[in-house]
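Descriptive structure summary
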Amino acid sequence: MKYLQYIIIGSCLLLGACSKFLDQTPQAVISGDDLNTPENLEKMVVAAYAGLGNDHYTAPYSSMWPYGNIRSGDAYKGGDGAGDISDFHFYETFSLNRVDNGSSDLLWFRLYVCIGRANDALGRLNTATDDAFPNKAIRQAEMKFLRGHFYFLLKVLFKHVPYIDETMPKASYDSISNRVYTDQELWGKIISDFTFAAANLPATQPETGRPNKFAAKAYLAKTLLYAAYKQDESNNVTGIDAAMLQQVNALCDEVMASGKYQLAADFANNFLSKNENGPESVFAIQYSKDDGTPKGRLDYGHALDYPMNQDYGCCGFHSPSYNLVNAFKTDNFGLPMFNTFNNVNITKESDFQTLTFDPRLDHTVAIPGHPYKYDPTFIYQRSWARAPEVYGSYLSLKEAVLPDDPAFQKVPPFMSSSKNWELIRYADVLLFKAEALIELGRQNEALPLINSIRQRAAASTSLLKQTNGSFTSNYKMGIYQPGINCTWTQDFARQAMRWERRLEFAMEGYRFFDLVRWGIAAEYLNAYFTTEKTRSAHLNDALFKKGRDEYLPIPLNQINFSKGLYKQNTGW
């Protein structure tokens, strides 16, 4: 059930073909001042919330899967070959991407629409008196949280973007360059929004769906963690800001000490509609159906990600890579096989019983012969994949629901659901803290944090069974025990933490941005392409160009609209 209902305000592109149809005498006119009543201010705030999850499969920004997963080596585009949404194929191969990629332009536009809604609400809230609008500071904090979120997405996608807030008159927008602020100064603007939100939001919100103080602190910690890795103009990491890492550590401590969150007992609970808004959910997009609208407020960002069988029907996008599946292998201690996981590819169903695996594999990847989404009578088949000869037969699971799930909704020819999508989980907070500690040289303090996540994963097998009660795969999961199965140096701890982030959040949309933050994207991805090309020919043209491909190019349309005011990113 969704307690905060988001209002979706549509827009229409006035094309010549429909101008006569739209040329109607207005029934009523509302002025800008009329929107500044307390009742209408609340509506403008809720309209800004509508930007969350108000995306579309052509340019999704809910899970960020086309930009964070298929550019990271964790996923292939999927679908019916390279020409099926070819813009995403260009993202995956890097070398084929262009400044006039229409999906990038659409993504930029939609994120600025979201920012525009937050700015409009903020501008109106700023003029309200505390007496007339007692929740003024709280609503301002909510809008700055939302604005911070959308600017964070733009920042990790494009690096240099124009920063526009509610104080800037619309007439000045065309004079604001994307280079007004340096890389670090732009991070500072986003940090400022989350700092305000953390200071002014209540510890508990009366309506589920609104961020609270600790959600803001968690997002502030995430932003500071990204900003701590300083980059030069060629996107090289030149140093890590220890003071920012100290802030990350302190903020995570505050979130952990709040007593509001804990790891879900079973990893699966984070991805089942019946368990949404559970103890691990720090901030999530709230979707809905049967809410009085024709189709509901559904998760259209993942609408392409379902199998091609008769229970669903379309469209087989977002396919886990061979490399990712291999990464779930474990050694005799139940630990990751850092250096050898990808030496031998899994080629047959029996491999999942003869080798050993991290249980998160079957929570994350739909595998032929395995139960689909925990239903032992609903077995995923290779024929359910759209183009197995191109992209293999695996599909992503976390975003999916079963066809009899109350959240499921067909929007022919696509599928969708009203299941929440998590933006920050408590596991994120634990690994933010672990990363900060490791980079501060305090890796021993990070060990129990990483092990707690591994222990939860090891215990998350109750739903991973066949009809006869046997486990779907051969699970073997251990914790790090220095002096017994590992040597816990800073370098080893860093490798363990980064591996944990990959498997814990696989297919959730942010892997690529981790690689860029750590300054290893070029080396990592070109090594990935070298092997993966031998397994999947659609990657034959793939090549990551260091100093360019860490960020998408500023869309050519936007540069043209700005009359050359916007400056292109390095290398494009």
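Parameters and conventions
Residues numbered from 1 in each chain as written. Predicted model: local features only at pLDDT ≥ 70, side-chain atom pairs only at ≥ 80, totals over all residues. Heavy atoms only, no water. Axes fitted to C-alpha atoms, helices over the stretch in contact; angles between N-to-C directions. Helix = DSSP H or I, 4+ residues; strand = E, 2+ residues; numbered from the N terminus. Left-handed = near helix turned anticlockwise from the far one by under 90°. Contact = heavy atoms within 4.5 Å. Nonpolar A, V, L, I, M, F, W, Y, C, P; charged D, E, K, R; others polar. Disulfide = S-S within 2.5 Å. Buried < 20%, exposed > 50% of the residue type's maximum accessible area, 1.4 Å probe, protein only. Phe/Tyr/Trp six-rings, centres within 6.5 Å; stacked < 30°, edge-to-face > 60°. Salt bridge = Lys/Arg side-chain N within 4 Å of Asp/Glu carboxyl O.

To continue, consider the packing of helix H9 (residues 242-257) against helix H14 (residues 426-439). Geometrically, a packed helix pair is captured by the angle between its two axes and the distance between the axes. The geometry of H9 relative to H14 is characterised by a closest axis approach of 9 Å and an angle of 145° between their N-to-C directions. For the crossing formed where H9 meets H14, the hand is left-handed. Contact with H9, carried on its side by Leu245, Val248, Asn249, Cys252, Asp253, Val255 and Met256, involves Tyr426, Val429, Leu430, Phe432, Lys433, Ala436, Leu437 and Glu439 of H14 and no other residues of that element. Counted by class, the contact of H9 with H14 contains 11 nonpolar, one polar and three charged residues.

Right, let's get into the state of the cysteines. For the coordinates displayed, the defined rule picks out one disulfide. There is a disulfide in this structure between Cys314 and Cys315, and the S-S distance comes to 1.6 Å. Note on the Cys314 and Cys315 pair: the S-S dihedral is about 75°, so by sign convention the disulfide is right-handed. Grouping residues by exposure puts Cys314 and Cys315 together as buried.

Counting across every chain of the model gives 50 aromatic pairs. For the ring pair Phe145 and Phe194, a centre distance of 5.5 Å and an interplane angle of 85° mean the geometry is edge-to-face. One end of the pair, Phe145, is in helix H6 (residues 136-158); the other, Phe194, is in helix H7 (residues 183-200), with 49 residues separating them in the sequence. Both residues of the pair, Phe145 and Phe194, belong to the buried class. Consider the rings of Tyr480 and Trp488, whose centres lie 5.4 Å apart with planes at 50°: the pair is tilted. A relative accessible area of 1% places Tyr480 in the buried class. What makes Trp488 buried here is its relative accessible area of 8%.

Looking now at the pattern of salt bridges. For the coordinates displayed, the defined rule picks out 37 salt bridges. Notably, a salt bridge pairs Arg442 with Glu445, separated by 2.7 Å at the nearest N-O pair. Here Arg442 falls in the partly exposed class, since its relative accessible area comes to 27%. Of the charged contacts in the structure, one is a salt bridge between Glu504 and Arg456, with a shortest N-O distance of 2.8 Å. A residue pair is termed long-range when its members are at least 10 positions apart, and Glu504 in helix H16 (residues 490-504) and Arg456 in helix H15 (residues 443-458) qualify at 48 residues. Judged by its relative accessible area of 5%, Arg456 falls in the buried class. Linked by salt bridges that have partners in common, Glu280, Asp358, Arg360, Lys398, Arg425, Arg454, Arg456, Glu500, Glu504 and Glu508 make up one network.

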